Amino acid sequence: MEQSTEMSGSKGAVRRPSATTGFWSWFTTVDHKKIGLMYGASSFIFFLIGGLEALVIRSQLASPDQHLVTAAQYNQIFTMHGLTMIFLFVMPMSAAFFNYLIPLMIGARDVAFPRLNAYSYWVFILGGLFLYSSWFLGGAPNGGWFGYPPNSTTDPSIGMTFYTLGLLITGIASSAGAVNLAVTIINMRAKGMTLFRMPIFIWMGLVVQFLLAFSLPIITVALVEMLFDRRFGTHFFDPTAGGDPVLWQHLFWLFGHPEVYILVLPAFGIFSEILPVFSRKPLFGYQFVAFSGIAIGFIGFGVWAHHMFAVGLGPVANTAFGVSTAIIAVPTGVKIFNWMATMARGDIHFDSPMLFAVGGIAMFVIGGLSGVTHSIVPADYQQTDTYYIVAHFHYVLFGGAIFGLFAAMYYWWPKVFGKLLSEPLGKIHFWLFVLGMNLTFGPMHILGLQGMIRRTYTYPATLGLTFYNRVASVGAFLIAFGVLVFIVNLVKTARKPRGLENEDPWDARTLEWMTSCPPPAHNFDVVPEVHALDEFWHRKYTTDERTGELVRIPAGGAPDDDPGHEASGRHPIHLPSPSFWPLVAAIGLPTIGYGILYSWYVVGAGAFFVLVGFMGWALEPSVAE
Amino acid sequence: MADAGHAQTELQEIEDTHHGAHAGHPSVKEYIRIGLILGFFTCLEVAAKYANLASATLIVTLLGLAAVKFVLVVMYFMHLKFDDRRYARFFVMGLSLAITLFLIVLILFKVFLR
Amino acid sequence: MADVIADGHTAPAGTQEHETTTGLPSTKLAMWIFLASECLLFGALITTYLLYRGASRIGPYPNDVFDIPYTSVSSFVLLASSLTMVLAVAAAQKADLVRMRIWLLVTALLGMTFVAGQVYEFTSFSHEGLKLGTNLFGTTFYVLTGFHGLHVTVGIIMLLALTSFSQAGRLPDDGGFSVEMIGLYWHFVDIVWIVIFTVVYLIPTGPPAVK
Amino acid sequence: MRKKVLWALGLVALALLLASCAPHASQDPLKPQGQYAQTVKNLFVPVFWIATVVFVLVEGGIVFISVKWRHRKGRDRTPPQTHGNTKLEIGWTILPALILAGVMIPTIGTIWDLAKPPPANALNITVQGHQWWWGFVYTDSDMKTSYDTKGPITTGDVMVIPTGRTVYLSLASEGGALNGGVPGPNPDFEVIHSFWIPELAGKQDVVPGRTNHILMEADHPGTYYGQCAEFCGLQHGKMKVRVVALSPADWDTWVAHQKLPSATPTDALAKQGMDTFLSPLSSGGSCINCHTIGGTTAGGTAGPVLTHFGDPTHQCFAGCDWETMNTDDLKAWLRDPEAVKEGSKMPNYHLTEDQINSLVAYLESLK
Ligand code: HEA
Ligand code: HEA
Ligand code: CUA
Ligand SMILES: [Cu+2]
């Protein structure tokens, strides 16, 4: 960086932040690990909020004809529950793990664009807060998470305008993150880390980033069109002027279906990391698992209209989309069977991460199978928009994505914080989750098949739906109890002194365990050179030529542990320096959002922030002197 | 999954550090020539518009000309022809996905039957 | 930032212009992935326009307001800006900074001419009674071309910033790489216009659907 | 003639009373009461069992593996380091594909079956979705009324059909038919609904600007419940509907009666109610702005048709509490629609108790 001498002078009125510790350093950090932590903490809080909303839903529905909340409040609550869980919890929590782990698992010092990474985070959290501020500014979004117009374009309350703007803002965060992480995976791998030596978690990360990069622009357009309809009198979805509301449905689900794989593929990656470690066997059919992930990504773009079977697209379209939807079960099945084969004949240790992984797979299969019954188009004429669908997607989302994310928390907690979470509490948490989710979402299958529609704020006593609704409500509180146990676990663990007896507590297989817990700012003192899939494992174990038995290599004897080879040139490592420009540029976006709602002057102010932020950013070298 | 092996070599190419890079950029003269061709095609387009062609012929001509212009800019001005093929691969992925998906959407709306 | 003494064979994070796994500069890779994703953005907008072609229930209709010769000139201007942009890149690669800045400025000026032309077009359409909310044509036309215009505007800001940064000597490697990146963006915006010009202006819309 | 009709209606009422003794109202798609719903069930049930078998095998496999190969204390075993088995993996790629292919064949058949054009003798009804009630227009040429402009028979909230005959529903959300076929923007029903009578047919969305169709048939006389299934705003949860299927004989009587204009009240209170209904209210506005009562000057279209409000098939009205339709509920509705159904499009006119009593008397006299 020759030019840095020239540039780093006293240019600009503000001094560049340099602190990397302390409260304010969090606002300027560009360290992927800190950003990952901030993603994790923020999205966990959103999970609690989204969960509280779910508890209100379940309390309202615990008995027929209840008036705990009004219809108007209920509609806001279920919409915000869906939006929160999907856009403010599962997506950013996956981003948290991707951020923290991708560089560590591929042997990089940071992501490709550290400041863009910080920008993504700030845009996400400000977008989330923007969305939530609607509660205090005239009402939260109330048109359902897929916000079908014309209902959502004609609704008089301000909520759905917040919906369009809020999702546009968080969408910008995800798009920026997607490009960044994709490039990181493609371009920042350690020496020897070929594509087919990458952990499956990284593979799934790559697929997810491409799904994001190609699906978010579509919903961006849809949201802009809806925003214009609501705010500037256009007629995109206005049937009185010849507009067609079905256009929204296509654009939304063109995004929406890839989105559900965006939600679940990270969990698939997590399962694929955890199972081999705790079965002490390599992943069965690594290539099949990687390719099935890619296949899911591709096919996932061709099934969107299965959310629209009852819209009247005609028998040709319904046939085509029914078939393509069924096909997607094939690559998913490949994954399930490969996971089972990974465990088979293994030496399975059921620590908490493994419990959540295996439990998650078991629950996901239920949701997947009900998904296949939706692809039976005529059957879906009966099922769609009932609690049967609600059951389906909570099994895949809660069973798949949430179990996966909690498995990841238990698994990588020692990596991130240098402390193990309590095992007994973890097991209680697990069983509460399994029991709770089956009690909650299992009966919803029956409710749906008995004709209970979704998004209803109440139901009559005479329809015979009371019993199973009550069971579901009890189950929801069991889940909540499980979450509380987890929080207790966090608090107890936080009180423990830092330090692991063994920096490799699970006898793991991948690169992130080759550095200290927590890792230093620069990740690796010596970036390892990779020779095989499961590099770390192969440095620890070798197979005995004669017996075929695994033999532990005595410490220090790893084939590549030749200091002269790897640690040759001892140069200083330049890490990217903190910067507050990403935050400045990010603040501009919600400002523009409020401006569109209230005043053009505020839009101007927001645009100014964005401009200043990016100018400052452009002029600032990524590594300060 | 049958051609997994093939796909793997395709993917493996992403590894390759040393192929197809920077095989000489076009000269300024060449740029200007492309620019002139582009201008000429634009004239053709406008001329076609006023040439009283049958509607179908006109549409096909116009789309054809636009496609040629598009490709020329991408290949020469954006250097895809000379640059590493992997850039092209990513771009084409997005472009072809867009074309396929939105064609399907328009077909679902029976736009081409109107 | 702490200098850690250790092995340094990997490039410092964030300075992607150094050695990468693929040998491709990260910024350029990111730019191409971004442009790929922009294809879907404009694809969706153009699809909306095509879907509603001829679906307006009341006028003005395209034939009432379009001034094809005028817009053809604008299109030439934008096309020319692509040429000047590529000349700027060529100059930058020859480290001919003066030429580079001149071509960048010319590109920005052409871009501004285009945007000004668009603003003029919008106002004259609006005087002829075509407002954003008048009918589906107004709705889809303004949002599609407006989105494109916004992209051009962002490009102009980047070009101007680039020129002044270069003047101030604050660009790494004389700016060649940044010029190339912004060039890619600029050309992309140009090819989008190629499609829009054809699809929106040239392909006839026919009489309004009788509904 | 008129007497005969009334007689028949009395019988129908009795039959319905008996029917309503059924323990539960139900809207259960797995209890189909007509051929079209049956077709769907016939498809769903086998698929469900196939899924169950897959479920048992896969979950059983997971449990079995978890138990069999779990780590046991004191038994340190190094598992075989298998990396995969291509044959096996291809096997479990193909097997599910075969199962799915097997399932998709009847699925596709059924899709096309349900998309067939209706039989020639089908009864045509246009269903209109409104926020948050349903309107039904009987569009066949032999279903014209005998009064006013001789428009089609029209009902609100309750759709009456004959048993054993296919009903071909056209789902409209643009109100064309009500306005004499002229598509006029009617802001009241411009959102998407979904019409669903689970025991008679699967659902289809009611999309503004499009016309979807449902084939429906009821085997037995009875009342079949349904609900709007697509989220359509505040009271989506209470946008209910019911279908009353009558035996062919009862059906003919019902049709004959519907063709007649509303009964003119004889009772003094009801007469007073009619007056209130037809004249402007002191608080401004008038019932006739929104409601139609055939044979009177009431011709509004923003609310349900009330011509035969007191007809025994019309057991339920928009604001009533699910099941019952008694005088008290009706009074509560007129007193304050908002209190009964938050956000309802019918305003509160702050009617006096006297006005309410007379209106109820009038409405109930509209047999
Ligand atoms: C994590 C998210 C996620 C995932 C992974 C899936 C996975 C699938 N989904 Fe789901 N889906 C949602 C989230 C998800 N879905 C959401 C949120 C909605 C509702 C949106 C809304 O309306 O609000 C929805 C709605 C939805 C619908 C629309 C229903 C309706 O509204 O009418 C359909 C229809 O086909 C469907 C199908 C499927 C299918 C076929 C799969 C498949 O990918 C499943 C594949 C997996 C398996 C099949 C199990 C494992 C396989 C085997 C063990 C092999 C053997 C199996 C066989 C031989 C069958 N989903
Ligand atoms: C990842 C996604 C996700 C997750 C995890 C969940 C989790 C849950 N969901 Fe959610 N749900 C959706 C995504 C998700 N949901 C979506 C997309 C919809 C559709 C929305 C729409 O129709 O538009 C939906 C709709 C939906 C409905 C249907 C509403 C309707 O149609 O009317 C219901 C009804 O029961 C429901 C219930 C639940 C429950 C009980 C949980 C539970 O699992 C929640 C468990 C969590 C907790 C219970 C939190 C614990 C909190 C505490 C213990 C408090 C501690 C507090 C502090 C310390 C401050 N959900
Ligand atoms: Cu009408 Cu829901
Ligand atoms: Cu889907």
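Residues numbered from 1 in each chain as written. Chains lettered and ligands numbered in written order. Predicted model: local features only at pLDDT ≥ 70, side-chain atom pairs only at ≥ 80, totals over all residues. Heavy atoms only, no water.

### Brief notes about the overall build of chain B
Okay, so step 1: Across its full length, chain B holds four helices and zero strands.
Okay, so step 2: In chain B, the order of α-helices and β-strands from amino to carboxyl end is α-α-α-α.
Okay, so step 3: Here chain B holds 114 residues, and the buried ones make up 43% of them.
Okay, so step 4: For chain B, the computed accessible surface area is about 6100 Å², with 70% contributed by carbon and sulfur atoms. (Helix = DSSP H or I, 4+ residues; strand = E, 2+ residues; numbered from the N terminus. Buried < 20%, exposed > 50% of the residue type's maximum accessible area, 1.4 Å probe, protein only. Areas by Shrake-Rupley, 256 points an atom, 1.4 Å probe, with all protein chains shown as cover.)

### Quick look at the interface of chain D and chain A
Okay, so step 1: Facing 84 residues of chain D, the contacting portion of chain A comprises 96 residues.
Okay, so step 2: Here chain D and chain A share an interface that buries about 7500 Å² over both sides, 66% of which is from carbon and sulfur atoms.
Okay, so step 3: Scanning the region where chain D abuts chain A turns up one salt bridge.
Okay, so step 4: For the side of chain D that touches chain A, the elements supplying multiple residues, two or more each, are α2 (35-68), α3 (86-114) and β7 (204-206) of chain D.
Okay, so step 5: Among the residues forming the side of chain D that touches chain A, the class breakdown is 44 nonpolar, 25 polar and 15 charged. (Contact = heavy atoms within 4.5 Å. Buried area = accessible area lost by both parts, 1.4 Å probe. Salt bridge = Lys/Arg side-chain N within 4 Å of Asp/Glu carboxyl O. Nonpolar A, V, L, I, M, F, W, Y, C, P; charged D, E, K, R; others polar.)

### What to know about the coordination of the copper ion (ligand 4)
Residues and elements named next belong to chain A.
Okay, so step 1: Surrounding the copper ion (ligand 4) are the protein donor atoms His 257 (ND1), His 306 (NE2) and His 307 (NE2), which sit 1.9 to 2.1 Å from the metal.
Okay, so step 2: The distance between the copper ion (ligand 4) and the iron atom of ligand 1 comes to 4.5 Å.
Okay, so step 3: Since its relative accessible area comes to 16%, His 306 is described here as buried. (Donors = N, O, S within 2.8 Å, 3.2 Å for Na, K, Ca; no water.)

### Observations concerning the environment of Trp 600 of chain A
Okay, so step 1: Topologically, Trp 600 of chain A is positioned in helix α21 (residues 600-619).
Okay, so step 2: In this view, Trp 600 of chain A contacts Phe 232 and Gly 595 of chain A; residues no more than four positions away in its chain are not counted.

### Considerations on the site of ligand 1
Okay, so step 1: Around ligand 1, the surrounding shell holds 33 residues, and the nearest of these are Trp 145, Tyr 261, Asp 380, Thr 384 and His 392 of chain A.
Okay, so step 2: Ligand 1 is flanked by residues contributed from chains A and D.
Okay, so step 3: With respect to ligand 1, the side chain of His 392 of chain A contributes an N or O atom lying 2.9 Å from a nitrogen atom.
Okay, so step 4: If you list the elements that add at least two residues to the shell around ligand 1, you get α9 (245-279), α12 (329-343), α13 (352-374) and α15 (387-417) of chain A together with α2 of chain D.
Okay, so step 5: With six residues, the single largest contributor to the shell around ligand 1 is α13 of chain A.
Okay, so step 6: Residues of the shell around ligand 1, tallied by class, amount to 20 nonpolar, 11 polar and two charged. (Near = heavy atom within 4 Å. Polar contact = N/O pair within 3.5 Å; in protein donor to acceptor, adjacent residues only side chain to side chain.)

### Examining the confidence of the model for chain A
Residues and elements named next belong to chain A.
Okay, so step 1: Residue-level pLDDT values for chain A average 91, and 94% of them are 70 or greater.
Okay, so step 2: For chain A, the element scoring lowest by mean pLDDT is helix α1 (residues 3-7), at 34; helix α3 (residues 32-60) scores highest, at 97.
Okay, so step 3: Note on residues 1-13: pLDDT is under 50 here. Beyond four places in sequence and across chains, it has nine contacts.
Okay, so step 4: Here residues 556-570 scores under 50 on pLDDT; set against residues more than four positions off or in separate chains, the count is 26 contacts. (pLDDT = per-residue confidence, 0-100.)

### Remarks on the coordination of the iron atom of ligand 1
Okay, so step 1: On the protein, His 392 of chain A (NE2) is the one donor atom to the iron atom of ligand 1, at 2.2 Å.
Okay, so step 2: With respect to the helices and strands, His 392 of chain A occurs in helix α15.

### Overview of unusual backbone geometry
Okay, so step 1: A cis amide bond links Gly 59 of chain C with the next residue in sequence, Pro 60 of chain C, at an omega value of -5°.
Okay, so step 2: Look at the link from Gln 131 of chain D to Trp 132 of chain D: it is a cis peptide, with omega at -5°.
Okay, so step 3: For Trp 132 of chain D, the position within the fold is in the loop between β1 (123-130) and β2 (133-138).
Okay, so step 4: Positive phi values are uncommon outside glycine, yet Asp 385 of chain A reaches one of about 60°.
Okay, so step 5: On the basis of relative accessible area, Asp 385 of chain A is assigned to the buried category, the value being 5%.
Okay, so step 6: Its identity is not glycine, yet Lys 150 of chain D carries a phi of approximately 60°, on the positive side.
Okay, so step 7: Residue position: Lys 150 of chain D is located in the loop between β2 and β3 (153-156).

### Digging into the sheet that holds strand β8 (residues 212-216) of chain D
All names here are of chain D.
Okay, so step 1: Taken together, five strands build an open sheet; the order of strands is β3-β2-β1-β5-β8 and the sheet is mixed. Of all strands in the sheet, those with a lone pairing partner are β3 and β8, marking the two edges. The mean angle between the axes of side-by-side strands here comes to 25°, regardless of whether they run parallel or antiparallel.
Okay, so step 2: In this sheet, β8 lies alongside strand β5 (residues 167-172) in antiparallel orientation, the contact comprising five bridges. Its bridge partner being in β8, Val 167 is matched across the sheet by Met 216. (Pairing = 2+ DSSP bridges. Axes fitted to C-alpha atoms, helices over the stretch in contact; angles between N-to-C directions.)

### So, the sheet that holds strand β10 (residues 240-246) of chain D
Residue and element names in this part refer to chain D.
Okay, so step 1: Across the sheet, three strands lie side by side as β4-β10-β9; this open sheet has mixed pairing. Every interior strand has two partners, whereas the edge strands, β4 (158-162) and β9 (222-227), have only one. Taken pair by pair, the neighbouring strands of this sheet meet at an average axis angle of 25°, ignoring direction.
Okay, so step 2: Here five bridges tie β4 to β10, and the two strands are oriented parallel to one another. Across the sheet, residue Ile 161 finds its bridge partner in β10, namely Ala 245.

### Re the nonpolar core
Okay, so step 1: By size, the foremost hydrophobic cluster in this structure holds 330 residues, and its most contacted members are Trp 203 and Trp 304 of chain A together with Ile 33 of chain C.
Okay, so step 2: If you look at the next biggest cluster of nonpolar residues, it comprises 37 residues, including Tyr 138, Val 160, Leu 169 and Cys 228 of chain D. (Core = buried A, V, L, I, M, F, W, Y, C linked by side-chain atoms within 4.5 Å.)

### Details of the packing of α3 of chain A against helix α4 (residues 71-106) of chain A
All names here are of chain A.
Okay, so step 1: For the pair α3 and α4, interaxial distance at closest approach is 7 Å and the crossing angle is 155°. Considering the angle they form, α3 stands roughly antiparallel to α4. Considering the relative orientation of α3 and α4, their crossing is left-handed. (Parallel < 35°, antiparallel > 145°, perpendicular 65-115°, else oblique. Left-handed = near helix turned anticlockwise from the far one by under 90°.)

### A word on the pairing of β9 of chain D
Residues and elements named next belong to chain D.
Okay, so step 1: Most of β9 sits out of view: six of its six residues are buried.
Okay, so step 2: Alternating positions in β9 separate into two faces, Gly 222, Tyr 224 and Gly 226 on one and Thr 223, Tyr 225 and Gln 227 on the other, with burial throughout.
Okay, so step 3: As paired strands, β9 and β10 are joined by six bridges and run antiparallel to one another. Counted as the bridge partner of Thr 223 is Val 244 from β10.

### Examining the packing of α9 of chain A against α13 of chain A
Residues and elements named next belong to chain A.
Okay, so step 1: The N-to-C vectors of α9 and α13 enclose an angle of 130°; their axes lie 9 Å apart at closest approach. Here α9 lies oblique to α13, going by the angle between them. Between α9 and α13 the crossing geometry is left-handed. In this structure, α9 contributes Val 264, Phe 268, Phe 271, Ile 274, Leu 275, Phe 278 and Ser 279 to the contact, and α13 contributes Pro 353, Met 354, Phe 356, Ala 357, Val 358, Gly 360, Ile 361 and Phe 364.
Okay, so step 2: Here the residues of the contact of α9 with α13 are counted per class, giving 13 nonpolar, two polar and no charged.

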